[in-house]
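# Close look at the chain arrangement
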Amino acid sequence: MIYRLTIDAFTSTAETAESLRQVQGDRALSKSRLMLHDGGLDGAIAQYAAAPTPQVVIIEDEAAATLVERLEHLAEVCEPGTKVLVIGGVNDIGLYRTLISKGVSDYLPRPVTPRQILDALAGAFSDPQSAPKARFIACWGARGGSGSSTLAQNLAWSLGRHLQEAVIYVDLDIAFGTSVLSYNLDAKQTVVDALAHPERLDEVLMDRCMVEYDEFLRVLASPGDCRNHSALAVDGLERMLDLAARMASVVVLDIPHLWADWTEYLLTMADEVVVTAIPDFASLRDAKSLMEVLGPRRTGLPVPRLVLNRVEAARKTQLTAKDFEDTIKLVPQMILPFEPGPFGEAANSGQMLGEVARGHKASLALAQFAVMLSGKAPAVRKPVSWLDRLRSRG
Ligand SMILES: Nc1ncnc2c1ncn2[C@@H]1O[C@H](COP(=O)(O)OP(=O)(O)OP(=O)(O)O)[C@@H](O)[C@H]1O
Ligand SMILES: [Mg+2]
């Protein structure tokens, strides 16, 4: 099983397109998404100038003489880490070597069988180091009730739509988590069941404990009750998140407002941390102490992203973005006003803000923030050669 890959293929002959259609229907890819397009290499370059890249791009190209040069153009619009498989009309070991040295995962001379394509896909991820791993986004409220879960849920939903890739949202607020209400879910099993016997947890059990919200988003809900569940522990979470990392492109962690070994661990290891604060002194103090603890531990990782939520323009006593910037040296990355109308409607209907109030400013701000957190903005990136990319990855 090739798990949850997103693959785009750009073909230039009917024969290769037919082989790829058979690959699409293969059981090994039943959990993955393979999209077929025409246009070969030039089609791919045009597409990714305006859209995020998937994990794998398959290119069929005829013009061997200019292939290497045009692949450089593809590199300019591709995310680092995207695997590229090339199918061509020439069976030439020299060309094969050049392409591999430039960072292409494999070169297959035509005609290609479905089996050869499947083997090349499996080969591209055979090294555990290069296996696709999710990006972890940890959401934390500087104070209870600041809107952190609402943001986490909306961000997870937006990320799925933006990336068109699998996203997992994990509700870690065992006693009071709101995910089943906010997403209007009927969760028969929850994160508590997934963590009951971490040593027995595997992808099948994880799958069973999650509920699908839409095509991209799956939710590992919390029971949201005050029964006496066992306390969360770093070991079990590590195992669960290792699995989740292989099953999705992004994992959003909704971390409750409490300080324990495991919350500290998650906030330290996450690729991105989102701290939601409301504009008052208590939130400012708590955001400051969080920054003091996390700052030295998150070396090499981005500083937490601050969100100011529930800002009321008419309230004179509230703090400003500048107060936060001066005190904790963080510029808020998103400022959301207090909007009881759309937020209340979304909460009451068990839907996301972008579904009940699509064109609303807050929905657009959330969507934009999700794009930034995804690390995959649909924009032309700075030209970098395949070789430089390989070096920076190695
Ligand atoms: N910008 C906003 N305007 C109006 N209401 C909001 C806004 N953001 C969040 N809310 C509402 O605030 C309430 C609390 O939000 P939420 O449960 O997400 O907070 P939290 O930080 O996760 O709280 P807890 O500490 O209980 O986990 C919800 O009813 C939500 O709909
Ligand atoms: Mg919450």
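Definitions and cut-offs
Residues numbered from 1 in each chain as written. Chains lettered and ligands numbered in written order. Predicted model: local features only at pLDDT ≥ 70, side-chain atom pairs only at ≥ 80, totals over all residues. Heavy atoms only, no water. Helix = DSSP H or I, 4+ residues; strand = E, 2+ residues; numbered from the N terminus. Expected span 1.5 Å × (residues − 1). Bend = angle between axes of the 7 residues up to and from the residue. Buried < 20%, exposed > 50% of the residue type's maximum accessible area, 1.4 Å probe, protein only. Domains from an automatic or database assignment. Contact = heavy atoms within 4.5 Å. Buried area = accessible area lost by both parts, 1.4 Å probe. Salt bridge = Lys/Arg side-chain N within 4 Å of Asp/Glu carboxyl O. Polar contact = N/O pair within 3.5 Å; in protein donor to acceptor, adjacent residues only side chain to side chain. Nonpolar A, V, L, I, M, F, W, Y, C, P; charged D, E, K, R; others polar. 1 Å grid on protein atoms, 1.4 Å probe; cavity = no way out; pocket = protein on both sides within 12 Å on 5 of 7 lines; lining within 4 Å. Points joined across faces, edges and corners; volume = space filled by probe spheres on them. Near = heavy atom within 4 Å. Areas by Shrake-Rupley, 256 points an atom, 1.4 Å probe, with all protein chains shown as cover. Pairing = 2+ DSSP bridges. Axes fitted to C-alpha atoms, helices over the stretch in contact; angles between N-to-C directions.

Right, let's get into helix α3 (residues 64-77). Over its 14 residues, α3 runs 21 Å from end to end, which matches the ideal 20 Å to within 8%, given 1.5 Å per residue. Maximum bend of α3: about 25°, positioned at Arg 70. Turning to α3, its buried residues number three or more, namely Leu 67, Arg 70, Leu 71, Leu 74, Ala 75 and Val 77.

Right, let's talk about the domain arrangement of the protein chain for a bit. Partitioning the protein chain into domains gives domain 1 (6-130) and domain 2 (135-374). Placing a centre on the C-alpha atoms of domain 1 and another on those of domain 2 gives a separation of 35 Å. Across the boundary between the two partners, domain 1 contributes seven residues, which contact five residues of domain 2. Both faces combined, the contact of domain 1 with domain 2 buries some 400 Å², and carbon together with sulfur accounts for 44% of it. Run the count over domain 1 and domain 2 and you get zero salt bridges. Our enumeration of links across domain 1 and domain 2 arrives at two residue pairs in polar contact (both at pLDDT 80 or more). Across the side of domain 1 that touches domain 2, the residue classes break down as two nonpolar, three polar and two charged.

We now examine the layout of surface pockets. Looking at the largest pocket, its volume works out to about 970 Å³. For the largest pocket, the lining is made up of 33 residues, of which Pro 80, Gly 81, Thr 82, Pro 132 and Lys 133 are closest to its centre. For the lining of the largest pocket, the secondary structure elements donating two or more residues are α5 (114-124) and α17 (386-393). Broken down by class, the residue content of the lining of the largest pocket amounts to 13 nonpolar, 12 polar and eight charged. Per-domain counts for the lining of the largest pocket show at least three residues from each of domain 1 (6-130) and domain 2 (135-374).

Moving on, we come to the site of ligand 1. Close to ligand 1 lie 15 residues, the nearest being Gly 145, Ser 149, Thr 150, Asn 309 and Arg 310. Between ligand 1 and the protein, one listed contact pairs an oxygen atom with a backbone N or O atom of Ser 146 at 3.0 Å. The separation between an oxygen atom of ligand 1 and a polar main-chain atom of Gly 147 is 2.9 Å. Here ligand 1, which alone exposes 640 Å², has 75% of that area covered by the protein. Of all the elements in the fold, those that place two or more residues in the shell around ligand 1 are α6 (148-163), β12 (305-311) and α14 (340-349). For the shell around ligand 1, the residue count by class is four nonpolar, eight polar and three charged.

The subject of this paragraph is the sheet that holds strand β4 (residues 83-88). The strands that make up a sheet pair up through hydrogen bonds in the backbone, lying either parallel or antiparallel. Strand order in the open sheet formed by five strands is β2-β1-β3-β4-β5, with parallel pairing between adjacent strands. Bordering the open sheet on either side are β2 (33-38) and β5 (106-109), each of which pairs with just one other strand. Direction aside, neighbouring strands of the sheet carry axes that sit 15° apart on average. Pairing between strand β1 (residues 6-11) and β2: six bridges, direction parallel. The partner of Asp 8 across the bridge, within β2, is Met 35. α3 rests against β3 (56-61) and β4 of the sheet, and its axis sits at about 150° to β4. Contacts from helix α4 (residues 93-101) reach β4 and β5 within the one sheet, and its direction differs from that of β5 by about 155°.

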